[in-house]
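Residue-level listing of the chains:
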Amino acid sequence: VPSVTIDARYRLVHRVWARDMHHVSGWGKPKGVHSCQIWVKVGGEAPTSEKEFAFAGSMTKPPFVVNHDEMDAGKTAYYRARWENNRGEVGTWSTTIAATVWG
């Protein structure tokens, strides 16, 4: 399960960082992992189902940059992530984390 952090210091941009929960230092991914899938839901209530998330992309090395539209300013973006190995198999979802999109 990836440990995910969001850097929301930039206007209309979130930088997503993911690391192996068991990797004490740095932002490394586990052995055999190709990438980390990043999923997002912008605005509204906190998601209650994985179906509410849209695929944002795959991160092979951090950070993964999510550029938001002007209309997203002031909204909350909710993120989930999961590892994907070299065979395309995916792991367990991270916990959902949230950050405000600054405009």
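That block above? That's the structure.
Overview of the structure. Residue positions are given per chain, counted from 1 along the sequence in the order it is written. A pLDDT threshold of at least 70 governs which residues receive local features in this predicted model, and a stricter bar of 80 or more applies before side-chain atom pairs are shown or counted, although totals over entire chains, interfaces and linings include all residues. Remark: hydrogens and water are excluded; side-chain values derive from all non-hydrogen atoms of the structure.

## Observations regarding the sheet that holds strand β3 (residues 33-42)
If you trace the four strands from one edge of the open sheet to the other, you get β4-β3-β6-β7, paired in antiparallel fashion. A strand with exactly one partner marks an edge of an open sheet, and here the two such strands are β4 (54-59) and β7 (97-100). Mean inter-strand twist for the sheet, computed between neighbouring axes without regard to direction, equals 30°. By the bridge criterion, four bridges tie strand β6 (residues 76-85) to β7 in an arrangement that is antiparallel. The rule for pairing is simple: two strands pair if DSSP sees at least two bridges between them. Under the scheme used here, helices are H or I runs from DSSP no shorter than 4 residues and strands are E runs no shorter than 2 residues, and both carry numbers assigned from the N terminus. What counts as an axis is a line fitted to C-alpha atoms, over the stretch in contact for a helix, and the angles between N-to-C directions run from 0 to 180 degrees.

## Some remarks on the nonpolar core
Ile6, Val16, Cys36, Ile38 and Tyr79 are the most contacted members of the largest nonpolar core, which totals 19 residues. Those elements that provide at least two residues to this core are β1 (2-10), β2 (13-20), β3, β5 (64-67) and β6. If we ignore the near neighbours within four places in the chain, the residues touching Ile38 are Val16, Ala54, Phe55, Ala56, Gly57, Met59, Phe64, Tyr79, Arg80 and Ala81. We call a set of buried residues a nonpolar core when its members are Ala, Val, Leu, Ile, Met, Phe, Trp, Tyr or Cys and they connect through side-chain atoms within 4.5 Å of each other. Burial classification: accessible surface area is computed with a 1.4 Å probe over protein chains only, and a residue below 20% of its type maximum counts as buried, one above 50% as exposed, and the rest as partly exposed. Residue contacts follow a heavy-atom distance rule, with two residues in contact if any of their heavy atoms lie within 4.5 Å.

## Brief notes about the pairing of β1
Both β1 and β2 contribute to a ladder of seven bridges, which runs antiparallel. The residue of β2 that forms the bridge with Tyr10 is Val13.

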